[in-house]
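# Structural features, examined
Residue-level listing of the chains:
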Amino acid sequence: MLKKLFYALFMLLPFICIAQNDTGIPIPMKKGIIFYDKSFPVDGGFRKQEFLMAATKWIKNTLTNEHNSFSIGTSGDINSSGIFKINTGQTGDYYHVKFKLEIALNDSGYTIRAYNFYENSNIKGKSHQYSKIEYRWWDYRQDKPWSAEDKVLFKGLDSNMMAMFASFKNDPLIIKSARHAQTPKFKVLAFYSTNVETDHVDFVWDAVKFYKDKADQDGFAFDTTSNWENLNDANLKNYKVVIWLNEFPHNEAERRSFEKFMDNGGAWLGFHVSGYNDKDTHWPWFVNFMGGAVFYNNNWPPLPAKMIVDDNKHPVTKHLPKKYTAPINEWYGWKPNPRLNKDVRVLVTLDPLNYPLGKKDIIKSGDIPVVWTNTKYKMVYMNMGHGDQNFKSRLQNKMFEDAVLWLGK
C-alpha cells in the first residue's frame, strides 16, 4: 500500500511543481529580457503623417509624467518612455514600473514594443532604487519562491501592458488615421540623379522629404526613383504626375516615352536644371514644351531674390502675395523669353529690383520668368532647385505643394 502511495505521489509531483510555478501570467521574453511586442496590420496602409500626430497626442495624454522622453526618428518611428504605478493592495504600498516604448511604422501597419522594464517600490524593507525587473522574474524561473508582492508586480505589469496596447489600438484618432487607406487621389513619380552637382543633390533630399509629408497630408501617392530607365511607357501608365527634381532624360527612348506621356494627358513638374536646354541638347520637342525657352545666363553665387507674382488667380500661385522674397537659389535667364510664346502663362517673374544680381556671374537686366506653364500641356516649370535653402520659405513651400495638387487633378 505504501509503495502504491509513493508511486502515485511520484507521478503527480511534476504536475504539482508546475502548478506551483505557474502563476498564470504570460510574461513574454526575448533574448533574456521581458519584451512585449504586438503588431497591428492595417489593410491598405494608413496616412502616416496623421498617424504620427495621433500617436504623439496619445503618448502625451497616456504616458505623461516627469520621467518621460519622446522623439520621432527620421524614418517616422516613435521612441518614448513611460511609467505606471501598481498598488500592492496594502495601504499606501506601490510599485513604479518604467519602460521603453517604441511604435514602428511600415506600409502594412504598425508594431508596438515595450522593453527595458525597471521596478521600484516604497515597500518597507525593500530597495527604493530602480532595478531591472528581470532579476525578480529570473528568481521565479529558477524555482525560487514567489512572494505575494512578486505576483502583484507581474500581474500589474501584464495587465498594464495589455491595457496600454488596447488603449492605443482603440484610440479614436489612431483608428481614424489607421482606417483602410483611401485610394490615392493620384500618383506621383519623382525622378532624380545623385551623380550630378552637389547642390542639386542637396535639393533632392529636401524635396523628397517635403513631398512625402505632403503626400500623407493631402492623400496622394509619392514614389521616387533614381533610375531614369523607369521613364518608359509601361511604368508611366501608373502615374498621373512626373517630377524631375534635378535632371532630365538623355537618351531617345526615355525622351519618346515622356513625350507620349505628356501628349496623352500626363502632368509634369520640373525644377531648376531639369528645364535646362541649349544648342547641344538636340531635343526640339522639349524646347517647344518649355515655351521656346533656352538657357541664356545665370547669376553666381546663389542668392535670395525678390519675386513678382504675375498671376494670383492660378491654382499654383493663388496663395502667394503680389511680391515675396525667395530663398537662396541660382537664377537662370532665358532666350528667347518664354513670355513671348502665346501659349505660355507666366506665374512668377524675377523682380528687376534685384539687378545687378550676382558677383562672379551677374544678371544685369532682363525680363526673366521664374515659374510658368505651357497651356498646351499640364505642366509647370520652376527655376528653384539649387542648394538646401529652397524650402525655407513658408510662402514658396505652399506654391510647391499647390503645383502638385493642381497637376494631379
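Residues numbered from 1 in each chain as written. Predicted model: local features only at pLDDT ≥ 70, side-chain atom pairs only at ≥ 80, totals over all residues. Heavy atoms only, no water.

## Points about the side chain of T373
Within the secondary structure, T373 is located in strand β18 (residues 369-374). T373 has contacts with H314, D343, V344, R345, M379 and W406, leaving out every residue within four places of it along the chain. (Helix = DSSP H or I, 4+ residues; strand = E, 2+ residues; numbered from the N terminus. Contact = heavy atoms within 4.5 Å.)

## Section: the nonpolar core
The biggest cluster of nonpolar side chains holds 75 residues, and the ones touching the most others in it are W244, W268 and M382. The element best represented in this core is helix α6 (residues 198-218), accounting for seven residues. Not counting residues within four places of it along the chain, the set of residues in contact with M382 comprises L269, G270, F271, H272, V316, V370, V371, M399, F400 and A403. (Core = buried A, V, L, I, M, F, W, Y, C linked by side-chain atoms within 4.5 Å. Buried < 20%, exposed > 50% of the residue type's maximum accessible area, 1.4 Å probe, protein only.)

## Concerning α6
Across its 21 residues, α6 extends 30 Å between first and last C-alpha, which sits within 8% of the 30 Å expected from 1.5 Å per residue. Among all positions of α6, only H200, V201, F203, V204, A207, V208, F210, Y211, K214, A215 and D218 are buried. G219 sits one or two residues past α6 and shows a positive phi near 85 degrees. (Expected span 1.5 Å × (residues − 1).)

## What about the sheet that holds β18?
Ordered by their spatial adjacency, nine strands build an open sheet running β10-β9-β11-β12-β19-β18-β17-β14-β15, and the pairing between neighbours is mixed. Unpaired on one side and paired on the other, β10 (221-225) and β15 (323-329) mark the two borders of the sheet. Averaged over all pairs of adjacent strands, the angle between their axes in this sheet comes to 20 degrees, without regard to strand direction. As judged from the four bridges shared by strand β11 (residues 241-244) and strand β12 (residues 267-271), these two strands associate in the parallel manner. Bridged to V242 within β12 is W268. Where α6 meets the sheet, its contacts fall on β10 and β12, and the angle it forms with β10 comes to roughly 155 degrees. (Pairing = 2+ DSSP bridges. Axes fitted to C-alpha atoms, helices over the stretch in contact; angles between N-to-C directions.)

## What to know about the packing of aromatic side chains
Taken as a whole, this structure holds 42 aromatic pairs when the rule is applied. Taking the centre distance of 5.0 Å and the plane angle of 35 degrees together, the rings of F191 and W228 count as tilted. Of this pair, F191 sits in strand β9 (residues 187-191) while W228 sits in the loop between β10 and α7 (233-236), and the two are 37 residues apart along the sequence. The exposure class of F191 is buried, given its relative accessible area of 0%. Ring centres of Y192 and W205 lie 5.7 Å apart, and the angle between their planes is 75 degrees; this geometry places the pair in the edge-to-face category. Of this pair, Y192 sits in the loop between β9 and α6 while W205 is found in helix α6, placing the two residues 13 residues apart along the sequence. Residue classification places W205 among the partly exposed residues on the basis of a relative accessible area of 45%. Pairwise contacts between aromatic rings join F191, W228, W244, F258, W268, W283, W285, F286, F289 and Y377 into one cluster. The ring of Y118 has K98 sitting right over it, with the charged end atom 6.0 Å from the ring centre. The lysine or arginine in question, K378, covers the ring of W406, its NZ or CZ lying 5.0 Å from the ring centre. (Phe/Tyr/Trp six-rings, centres within 6.5 Å; stacked < 30°, edge-to-face > 60°. Lys NZ or Arg CZ within 6 Å of the ring centre and 35° of its normal.)

## Side note on the packing of α6 against helix α10 (residues 394-408)
Where α6 contacts α10, the two axes come as close as 11 Å, and the packing angle between them is 60 degrees. On the basis of their axis angle, the class for α6 and α10 is oblique. You can see that α6 and α10 cross each other, and the crossing is right-handed. Contact with α6, carried on its side by F210, Y211, K214, Q217 and D218, involves N397, F400, E401, V404 and L405 of α10 and no other residues of that element. For the contact of α6 with α10, the class distribution of residues is five nonpolar, two polar and three charged. (Parallel < 35°, antiparallel > 145°, perpendicular 65-115°, else oblique. Left-handed = near helix turned anticlockwise from the far one by under 90°. Nonpolar A, V, L, I, M, F, W, Y, C, P; charged D, E, K, R; others polar.)

## Here we look at the pairing of β18
Of all six residues in β18, six are buried; the element is thus mostly enclosed. Across five bridges, the pairing between strand β17 (residues 344-350) and β18 is antiparallel. Directly across from R345, in β18, lies its bridge partner T373. Alignment of β18 against strand β19 (residues 378-382), held across two bridges, turns out to be antiparallel. Paired with V371 across the strands is M382, a residue of β19.

## Focus: unusual backbone geometry
Peptide bonds are, in most cases, trans, and in most cases residues other than glycine have a negative phi. The residue after W300, namely P301, is reached through a cis peptide bond having omega 5 degrees. By secondary structure assignment, the location of P301 is in the loop between β13 (295-298) and β14 (303-309). At H272, a position not held by glycine, the phi torsion is positive, near 50 degrees. Looking at the element boundaries, H272 is found in the loop between β12 and α9 (284-289). Residue classification places H272 among the buried positions, given a relative accessible area of 0%.

## Focus: the pattern of salt bridges
One pass over the full model with this rule turns up 16 salt bridges. Across the pair E401 and K214 runs a salt bridge whose closest N-O atoms are separated by 3.7 Å. In this pair, E401 sits in helix α10 while K214 sits in helix α6, placing the two residues 187 residues apart along the sequence. Per residue, the accessibility class of E401 equals that of K214, and both read buried. Across the pair R345 and D311 runs a salt bridge, and its minimum N-O distance is 2.7 Å. Residue R345 is located in strand β17, and its partner D311 is located in the loop between β14 and β15; the two are separated by 34 residues in the primary sequence. Given a relative accessible area of 36%, R345 falls into the partly exposed group. Look at the salt bridges and you will find they share partners, linking K214, K398, E401 and D402 into a network. (Salt bridge = Lys/Arg side-chain N within 4 Å of Asp/Glu carboxyl O.)

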